[in-house]
Every structure is written in C-alpha cells, then in structure tokens.
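Structural characterization, general
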Amino acid sequence: MVRIMKLLTRDERPPGEEPVSDLVPEPEVSRAKRVRVLLSAACAPLLFSYTAVATVLAVVAFAADRSRFSSTGVLLAAGPGWLASWQVELEFGGHPLSVLPLLPTIVVAWFTARTASRAVRRIGGGTPADAVPVVAVIAGAHALFGVLIALLAGGSPVGVNPLTAFCVPGLLAGLAAVAATAKRCGSPATLRERFDPVAVHGLRAGALGLAALIACGAAVFTTVTAVSWSTVDGLFEPGLGASLGLFLLSLAYLPNAVIAALSFTTGPGFSVGSLTVGMFGYREGQLPGVPVLAGIPSHHAVWWPALLLLPALVGALVGWKIRAIDEDPMLRMRAVAVAGALVAFGCVILGTLAGGRLGDGPFDPVSVPVGVASVITFCWIVIPGGFVAFFAGAHDAPEPPGEPGEDTEDTDGADATEDIDATDVIETDEEVVDSEEGEEGEAAEPDEDIESESEAEFEDEAEAELARELGEDLDGTPAEIEPESEPEQDIAVTESTDGSGDESSPGGDR
C-alpha cells in the first residue's frame with residue numbers, strides 16, 4: 001500500500017525543475033470542435049422553435065371537435081406558424097395578418113439567446129471578436145430558413161414575402177444572440193468606457209422606468225380581467241378542443257394585451273377596429289370573442305384619470321434613481337432626459353410589435369398610437385423625474401448674503417490693491433538701493449577727511465619729537481624738515497582705523 005501511494009504521488013518532473021505556477025492554461029479549442037459548436041448553435045434554435053410550433057398545432061388539431069388530424073398538414077402549417085413566431089407578416093387569401101402574438105416570439109428569442117451564450121462558453125470566447133461567428137451563424141441560419149419556408153409556401157393559401165421572411169427572423173435572432181453574448185464577451189464594459197457616465201446612468205434608469213411601466217400595464221390588465229371574470233368564463237365554449245384553442249390563443253396574445261393596457265394607463269389608449277379606448281375618450285365598436293379582450297370596458301368611466309398617478313410615480317422613481325449620480329443638478333437633468341428618451345423609444349418598439357393588420361374585417365386594424373405614446377411617456381418620465389432628481393439630490397452650499405455687485409467691486413479692488421502694492425514694493429526697493437548707494441557715498445567722504453587730519457597730526461608729532469632731540473625750543477619756529485615718505489595707505493579706511501586716529505589725537509596734545 002505504501003508503495004502504491006508513493007507511485008501515485010511521485011513527481012514525474014526531473015529534479016531541479018519546480019512548477020512556476022499552479023495555473024494551468026486552458027487548452028485551445030480545435031477547429032473541428034469549433035465547427036461542431038457553431039453548427040449546433042445554428043440548428044438547435046431552429047429545431048426547437050419549429051418543433052414547439054408543430055406540437056402546439058398538433059395538440060389543438062387533435063383536441064378539436066369534428067376535425068381530422070393530419071400529421072402532414074400539421075408539419076406544413078408549422079412553417080407559417082414558425083414565421084409568425086418571428087413576427088413575419090402573413091397573408092391568408094390576400095388578407096394581411098400582422099398583429100401576431102408576442103409570447104411565442106419571447107420564448108423562441110430566449111432559447112436562441114441561451115444557445116448563443118452556451119456556444120460562446122464552449123469555444124472559450126472572452127472578447128467581442130469571439131462572439132461574431134456565433135451571432136453570424138445564428139442570424140444567417142434563421143434568415144435562410146425563413147426564405148426556405150416562404151418559397152415552400154408559394155402555392156399554398158398562406159402567402160409570405162420572401163424578403164420579409166429573410167430579414168425579420170435573421171434580425172431578431174441576431175439581436176437575441178448579441179444580447180446574450182455581450183456580457184460574457186465584455187461588451188458592456190467596453191461601451192461604458194466609451195460612453196458618457198451620465199448617459200450610462202440615464203440608460204439604466206430608463207430601463208428601470210420602462211420595466212416599471214410594463215409592470216403597471218400588467219397590473220391594470222390583471223385587475224380588469226379579474227373584475228370581468230364572469231365575461232371571460234362565458235367566452236369559453238363547452239368543448240375541450242375549442243376551449244383549449246381559445247385559451248392558447250389568449251395566452252399567446254397576453255403580452256399584446258399588456259402593452260395595450262400600458263398605452264391606456266399612460267393616456268393615449270388603443271383601438272381595435274372601430275373601437276377606441278382612451279383615458280379621455282371612448283368610442284364604441286365590436287370586439288372579437290376572445291377571452292384576452294374580455295376586460296375591455298363597454299363605456300367610459302370618470303375615475304379613469306386617477307390611473308395617471310401610476311406613470312407619474314414611475315417618473316418619480318426614475319428621478320429618485322438618478323438623484324445621487326452627481327452633485328451638479330444640470331447633469332442629473334441630462335440623465336433624466338436620456339432615461340425619458342429610452343422609455344419613449346421602447347414604447348415605440350412595443351407599440352409597433354403589439355399592433356398590426358387583422359385581415360380586412362371589422363376588427364382591423366389593432367393599433368397603439370406610437371407617436372403620441374412616445375411623446376407622452378417621455379413627458380411622464382422627464383417632468384416628475386426631473387423634479388425629484390433636481391430637488392432630492394445634492395446642491396452646492398449657498399453663497400454668503402450680499403449684493404451681487406459687491407463681490408465684483410471687491411475683486412476689482414483687491415486686484416488694484418495688489419497692483420499698487422507690487423508697484424510700491426518695486427519703488428521702495430529702488431529707493432532703498434539708491435539710499436544705500438547715497439549713504440555709502442556720504443560715508444566715504446568723512447573717511448577721507450579723517451584720513452587727512454590723522455596724517456597732519458602724525459606729521460606734527462614727528463616734528464615735535466625731532467625738535468626735542470635737537471634741543472630746539474618748541475615755542476620757536478621749527479626748522480623745515482622734510483617728512484619721511486610714508487607708505488601709501490589704503491583708500492578704504494575701516495571704523496577701527498577711524499577710532500585709532502581719534503585716540504592718537506590726545507596723545508599728540510600730551
């Protein structure tokens with residue numbers, strides 16, 4: 001046993017070679033594995049979405065009363081159903097159908113995004129360049145599959161525009177793949193570095209505001225549906241097949257109904273054919289017998305404007321989110337404007353996807369006024385959000401009380417004083433230099449006088465000494481004796497020399 005443990009724990013490296021690091025580099029993905037991953041990412045969403053649509057159609061056809069189930073018919077019908085799940089406009093006998101359910105679109109887009117994220121992880125991608133082939137193969141596969149279905153449906157009662165079938169699925173699938181791979185490949189960090197930080201905060205707050213508005217629309221829809229539950233229950237037929245079909249149809253159009261409720265809550269409202277439901281206006285019209293529309297009221301109510309409190313609260317929430325991003329109120333207001341623009345753009349996209357043509361019958365078209373809705377939602381975010389962001393955030397300390405002109409005058413006076421002081425200093429320095437030079441000149445002149453006096457006194461002393469030696473009377477006239485040549489003295493005489501000359505003068509008197 002000990003020998004086995006030694007063999008298992010033996011270091012196979014030669015002696016003297018120690019491991020540099022415990023980190024083991026990830027093995028490079030081979031070309032064959034990369035190709036397999038890309039093919040799987042391209043085909044898996046297509047198989048899942050097509051199979052899901054075919055399964056739903058098969059269940060409805062099998063459960064329907066007085067219907068003949070055909071697997072071939074279900075597989076052929078699944079093609080246009082797949083296009084409808086990607087929001088491709090269809091035509092039935094020349095009648096357009098573009099108001100398509102959003103729930104299948106959300107499901108297939110989510111699965112596509114998940115597949116793209118898994119593919120990038122399997123190939124070890126960590127940069128935006130690694131996500132490009134994954135996004136490209138997913139978008140290209142969906143575009144080609146859409147064109148294929150459009151060509152195969154050429155002789156059937158269902159008509160599809162090949163160009164639309166090519167562009168719309170490819171675009172939506174590509175956007176879903178980009179959204180899924182962006183975080184893993186570091187794209188958000190790169191964008192944050194390139195964008196203005198104030199704009200980034202505004203985009204985040206705008207996303208929060210859009211989600212809050214959708215939540216308000218969902219709450220309003222849920223409330224009115226619960227209140228009208230008796231009407232909803234009466235729309236279901238006794239048969240299992242018909243009831244199941246109505247339930248699945250209502251479930252598929254549930255996001256569309258939530259967006260219509262969002263438009264109603266913010267003010268513009270929506271319309272179904274001749275029926276128009278708005279916060280401040282109502283026009284009667286026919287409604288299709290679908291349970292998802294059972295909560296639409298039959299007349300206007302005076303309390304509806306109270307629902308406008310919901311978008312106002314959403315705007316205040318956005319302003320509260322932005323209040324602490326900067327101490328400058330104008331920067332906070334700019335972030336609120338960016339958030340309002342994002343919410344307005346999101347409402348345009350949602351309103352466009354939720355509405356469309358519904359044949360040429362009495363319920364055509366189903367629409368949300370996206371232009372008016374975008375302007376109104378922008379105002380709902382900017383006005384209350386700007387108010388909260390401006391007054392709830394930090395402000396600069398107030399200036400001390402005083403007239404506005406005093407500061408300017410004081411500043412000008414201070415500048416002038418500094419200039420005068422500088423000029424005085426220069427002039428004073430010049431005067432000091434001149435005075436020093438003058439003092440030096442004046443001090444030099446007395447030194448010369450003292451020097452001459454000391455020389456004269458020295459000569460007198462020498463003559464007196466010489467007269468004593470010769471026995472001459474000091475009172476008499478002394479003989480003229482040439483004085484000895486004395487060494488030249490320095491011109492500059494110090495103060496000690498001046499003092500010695502003063503002391504010698506009394507000695508001469510003695």
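Residues numbered from 1 in each chain as written. Predicted model: local features only at pLDDT ≥ 70, side-chain atom pairs only at ≥ 80, totals over all residues. Heavy atoms only, no water.

As a further point, take a nonpolar patch on the surface. A cluster of nonpolar side chains, contributed by F247, L251 and L254, occupies part of the molecular surface with about 240 Å² of accessible area. On the secondary structure map, L251 appears in helix α10 (residues 240–252). Relative accessible area serves as the criterion here: at 37%, L251 is assigned to the partly exposed category. (Patch = residues over 30% accessible without salt bridge, like charges linked within 9 Å, V, L, I, M, F, W, Y side chains within 5 Å. Areas by Shrake-Rupley, 256 points an atom, 1.4 Å probe, with all protein chains shown as cover. Salt bridge = Lys/Arg side-chain N within 4 Å of Asp/Glu carboxyl O. Helix = DSSP H or I, 4+ residues; strand = E, 2+ residues; numbered from the N terminus. Buried < 20%, exposed > 50% of the residue type's maximum accessible area, 1.4 Å probe, protein only.)

Our next topic: the sheet that holds strand β5 (residues 275–277). The strand order across the open sheet built from 4 strands is β6-β5-β4-β7, with neighbouring strands paired in antiparallel fashion. Only two strands of the sheet have a single neighbouring strand rather than two, namely β6 (282–283) and β7 (366–367). When strand β4 (residues 270–272) meets β7, the two strands line up antiparallel, connected through 2 bridges. Across the sheet, the residue bridging to V272 is V366, located in β7. (Pairing = 2+ DSSP bridges.)

Relative to the helices and strands, D233 is located in helix α9 (residues 229–235). Residue class for D233 comes out exposed when judged on its relative accessible area of 51%. Residues D233 and P291 lie 58 residues apart in sequence; the distance between their C-alpha atoms is 7.8 Å.

Attention now moves to helix α12 (residues 309–322). Taking 1.5 Å of rise per residue, the 14 residues of α12 would be expected to cover 20 Å, and the 20 Å separating its terminal C-alpha atoms lies within 8% of that figure. Residues P311, V314, G315, V318, G319 and I322 constitute the buried set of α12. For α12, the buried positions fall inside an angular range of 140° around the axis, keeping them on one side. Against α8 (197–227), α11 (254–266), α13 (329–354) and α14 (370–392) lie the buried residues of α12. (Expected span 1.5 Å × (residues − 1). Arc of directions from axis to C-beta. Contact = heavy atoms within 4.5 Å.)

We now examine the side chain of T225. Checked against the element boundaries, T225 lands in helix α8. A relative accessible area of 15% means that T225 is categorised as buried.

In this structure, I259 sits in helix α11. Put simply, I259 and V368 are 109 residues apart on the chain and 8.7 Å apart in space, counted from C-alpha to C-alpha. When neighbours within four sequence positions are excluded, I259 is seen to be in contact with L102, L350, G351 and A354.

What follows deals with the packing of aromatic side chains. Here the structure, examined in full by the defined rule, presents 8 aromatic pairs. Aromatic side chains F48 and F111 sit 4.0 Å apart centroid to centroid with 20° between the ring planes, which places their arrangement in the stacked category. In this pair, F48 sits in helix α2 (residues 31–63) while F111 sits in helix α4 (residues 103–122), placing the two residues 63 residues apart along the sequence. Between F387 and F391, the ring centres sit 4.8 Å apart and the planes meet at 50°, which makes this aromatic pair tilted. On the criterion of helical spacing, the pair formed by F387 and F391 is a turn pair, its members being 4 residues apart in helix α14. Judged by relative accessible area, which is 55%, F387 ranks as exposed. Across from the ring centre of W320, 3.8 Å away, lies the NZ or CZ of R323, which sits over that ring. (Phe/Tyr/Trp six-rings, centres within 6.5 Å; stacked < 30°, edge-to-face > 60°. Lys NZ or Arg CZ within 6 Å of the ring centre and 35° of its normal.)

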